[in-house]
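This is what each chain is made of:
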Amino acid sequence: QPLYHIYHYMLNDIATISGGRVFRLFTGRSYALDGLAKVLMEELHQQYLLSYYPAQTANNGFRKVEVKVDQLKGEVRHRTGYYPANAAPTLPLGR
């Protein structure tokens, strides 16, 4: 049981870094599948793809990305940044 919480924390970090979300379900419990399907469909239905071409710089380190919306109740999940294509990727885990 204690390791499960550590794995869940790690999975949540990875999901957050990549702009994703973790849905936690417990074994041995009954779930209303139609309710879960509705939540997942809403999640998938409200996605947008943004892209841009960054300026060419000598910075081959991790580049942070910030996305903002001009809505009071708007929620944005996005990856925290990226490494340029020619840099060696290592994800920064932790908060």
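Reading the values: rules and limits
- Residues numbered from 1 in each chain as written.
- Predicted model: local features only at pLDDT ≥ 70, side-chain atom pairs only at ≥ 80, totals over all residues.
- Heavy atoms only, no water.
- Helix = DSSP H or I, 4+ residues; strand = E, 2+ residues; numbered from the N terminus.
- Buried < 20%, exposed > 50% of the residue type's maximum accessible area, 1.4 Å probe, protein only.
- Contact = heavy atoms within 4.5 Å.
- Areas by Shrake-Rupley, 256 points an atom, 1.4 Å probe, with all protein chains shown as cover.
- Patch = residues over 30% accessible without salt bridge, like charges linked within 9 Å, V, L, I, M, F, W, Y side chains within 5 Å.
- Salt bridge = Lys/Arg side-chain N within 4 Å of Asp/Glu carboxyl O.

> Which residues make up the overall build of the protein chain, and what values do they have?
Looking only at helices and strands, the protein chain has 2 helices and 2 strands in total. The helix and strand sequence of the protein chain, counted from the amino end, reads α-α-β-β. For the protein chain, the residues scored as buried account for 11% of the 95 residues in total. Residue pairs at least 24 apart in sequence account for 38% of intrachain contacts in the protein chain once pairs closer than 6 positions are excluded. For the protein chain, the exposed area adds up to about 8,800 Å²; of that, 58% sits on carbon and sulfur atoms.

> Before we move on, can you summarise a nonpolar patch on the surface with the specific residues and values?
A contiguous nonpolar surface patch, about 530 Å² in accessible area, is contributed by Leu3, Ile6, Tyr7, Tyr9 and Met10. For methionine 10, the position within the fold is in helix α1 (residues 2-17).

> I'd like to hear about the environment of glycine 81, residue by residue, with values.
When you line up the elements, glycine 81 lands in strand β2 (residues 81-82). On the basis of relative accessibility, which here comes to 8%, the residue glycine 81 falls in the buried class. Between the C-alpha atoms of glycine 81 and glutamate 66, which are 15 residues apart in sequence, the distance is 8.0 Å. With residues up to four places along the chain from it excluded, the contact list for glycine 81 reads Phe62, Arg63, Lys64 and Val65.

> Tell me about the pattern of salt bridges, and name the residues and values.
In total, this model carries 1 salt bridge according to the counting rule given. The shortest N-O distance in the salt bridge between lysine 68 and glutamate 66 comes to 3.5 Å. This pair shows no difference in class: lysine 68 is exposed, exactly as glutamate 66 is.

These values are about where atoms sit, not about what they do.
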